[in-house]
Amino acid sequence: AAFSGTFDGRIGLLATLTASLLQVICNLANDYGDFVHGADPINKSRHPSALQVGLVTLEEMRMAFQLLVVPTIGCGLLLLYCAGLSLQAWAIFLLLGFLAIVAAITYTVGERPYGYRGGGDIAVLLFFGFVGVGGTFYLHTQELSGLWLLPAVSQGCLVVGVLNVNNLRDQAADEQAGKQTVPVQIGRKAAIYYHWALLMISVLTMLAFLWRYTYSLWPSLCLGMVPFLIQHGVAVSRQAPAQLTQQLGHLVLLQVVFVCLLIIGLLLDGWLR
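Residues numbered from 1 in each chain as written. Predicted model: local features only at pLDDT ≥ 70, side-chain atom pairs only at ≥ 80, totals over all residues. Heavy atoms only, no water.

### Some points on helix H5 (residues 120–141)
Side chains that are three or four residues apart share a direction in an α-helix, a result of its 3.6 residues per turn. We apply this condition: Note on conventions: DSSP H or I runs of at least 4 residues are helices, E runs of at least 2 residues are strands, and numbering of each starts at the N terminus. Multiplying 1.5 Å by the residue count of a helix minus one yields the expected span of that helix. For a residue, the bend is simply the angle between two axes, fitted respectively to the seven-residue segment ending there and the seven-residue segment starting there. In this scheme, a residue with accessible area under 20% of its type's maximum is buried, one over 50% is exposed, and one in between is partly exposed, where area comes from a 1.4 Å probe on protein chains only. The contact criterion used is simple: two residues touch if any of their non-hydrogen atoms lie within 4.5 Å.
Over its 22 residues, H5 extends 30 Å from the first C-alpha to the last, a length consistent with the 32 Å expected when each residue adds 1.5 Å. Of all the bends in H5, the greatest measures close to 30° and is centred on Val 131. For H5, every residue scored as buried is listed here: Gly 120, Asp 121, Ala 123, Val 124, Gly 129, Gly 134, Gly 135, Phe 137, Leu 139, His 140 and Thr 141. On the buried face of H5, the contacting elements are helix H1 (9–36), helix H3 (69–83), helix H4 (87–106), helix H6 (149–169), helix H8 (182–186) and helix H9 (188–213). In the segment just after H5, Gln 142 is the residue with positive phi, at about 50°.

### Brief notes about the side chain of Lys 179
Quick note on the threshold: A 3.5 Å cut-off defines polar contacts: any pair of N or O atoms within that distance qualifies, except that in protein one atom must be a possible hydrogen donor and the other a possible acceptor, and neighbouring residues in sequence count only when both atoms are side-chain atoms.
Its place among the elements puts Lys 179 in the loop between helix H7 (171–177) and H8. Within polar-contact distance, the side chain of Lys 179 engages the side chain of Asp 34 at 3.3 Å.

### Description of unusual backbone geometry
Residues other than glycine seldom take positive phi values, yet Gln 142 does so here, at roughly 50°. Turning to its location among the elements, Gln 142 is positioned in the loop between H5 and H6. On the basis of relative accessibility, which here comes to 34%, the residue Gln 142 falls in the partly exposed class.

### Details of a nonpolar patch on the surface
Convention followed: A residue counts toward a patch only above 30% relative accessible area and without a salt bridge, and it is joined to like-charged neighbours within 9 Å or, for Val, Leu, Ile, Met, Phe, Trp and Tyr, to nonpolar neighbours within 5 Å. Areas reported here follow the Shrake-Rupley algorithm with a probe of radius 1.4 Å; residue values treat only the protein chains shown as occluding. Salt bridges are defined as contacts in which a side-chain nitrogen from Lys or Arg sits within 4 Å of a carboxyl oxygen from Asp or Glu.
Side chains of Trp 218, Leu 221, Ile 264, Trp 271 and Leu 272 sit close together on the surface and give an oily, nonpolar patch of about 570 Å² of accessible area. Along the chain, the position of Trp 218 falls in the loop between H9 and helix H10 (226–238). Residue classification places Trp 218 among the partly exposed positions, given a relative accessible area of 40%.

### Here's the deal with the side chain of Asp 269
In this fold, Asp 269 is placed in helix H11 (residues 244–272). Separated by 3.3 Å, the side chain of Asp 269 and the backbone nitrogen of Tyr 215 make a polar contact. Not counting residues up to four positions away in its chain, the partners in contact with Asp 269 are Phe 3, Thr 214, Tyr 215, Ser 216, Trp 218 and Pro 219.

### A few points about the pattern of salt bridges
Two side chains carrying opposite charge are able to pair once their charged atoms lie near each other. As enumerated under the stated definition, the model contains four salt bridges in all. Across the pair Arg 10 and Asp 8 runs a salt bridge whose closest N-O atoms are separated by 3.3 Å. On the basis of relative accessible area, Asp 8 is assigned to the partly exposed category, the value being 21%. Of the charged contacts in the structure, one is a salt bridge between Lys 179 and Asp 34, with a shortest N-O distance of 3.3 Å. With Lys 179 in the loop between H7 and H8 and Asp 34 in helix H1, this pair connects stretches of sequence that are 145 residues apart.

### Comments concerning the nonpolar core
What counts here: Take the buried Ala, Val, Leu, Ile, Met, Phe, Trp, Tyr and Cys residues and link them wherever side-chain atoms come within 4.5 Å; each set so joined is a nonpolar core.
With 26 residues, the main nonpolar core has Met 206, Phe 209, Leu 229, Leu 251 and Leu 262 as its most contacted residues. Counting residues per element, the ones that place at least two in this core are H6, H9, H10 and H11. Setting aside residues no more than four positions away along its own chain, Phe 209 makes contact with Leu 147, Leu 150, Pro 151, Thr 214, Leu 262 and Leu 266. By size, the runner-up hydrophobic cluster in this structure holds 14 residues, among which are Leu 22, Phe 65, Ile 101 and Ile 105.

Note that every value here comes from positions in space, so none of it alone points to a role or purpose.
Here's what the structure looks like:
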């Protein structure tokens, strides 16, 4: 949005808060749902959850993510108000907000959670990529521009990669609990190929964006993370599942740095035009 000259600090802040609250709801609901379904055994590959060690009860955890829905809705409504949307856009974003809350909770909660049928990857790409990036861009510009699409795919694929590393690490426990994640469905070897594909798509779509839309080499700063992404992919391919917790954190950190370098590059590119 800043690259296109339409950034609004209020919208940026409220979008960040709304997305963060949705993420917290998702994390709490995920711990709750996995504990209820027996898909969250204590093992050496991951830190135990608050539920596992008895710091909170199931009732307290359920109450926590349910109560968080209220400030999330309030923050989202304030975001839409500040954006000054048309009535049609209001309706679309209200629907998207409703679906985001439902998706955050029903990933592992309920009788038929979609995360237990391999639907998590699609939901992550949709909400972290297309809705997160594209929706935030539209709230700033209110234009149906394709400028956001390639970055949305690039960053969405990296978030799917984070989920895939998590599922590779927990593959044995998930299979025992009947949680049909992508690695459980296609096997470890194919899931590693899938992980490499996610990393490649992320880099290639970012290259396409830089070639199509930018005017200087500054935005290409983000490509400095490519060797580290390759190093990460090699580590995921070679390490045992119990060792992948570290790679989970590494990929999150790599994406944060990737995004920050892209932001800095786009701002410099816009200022120097």
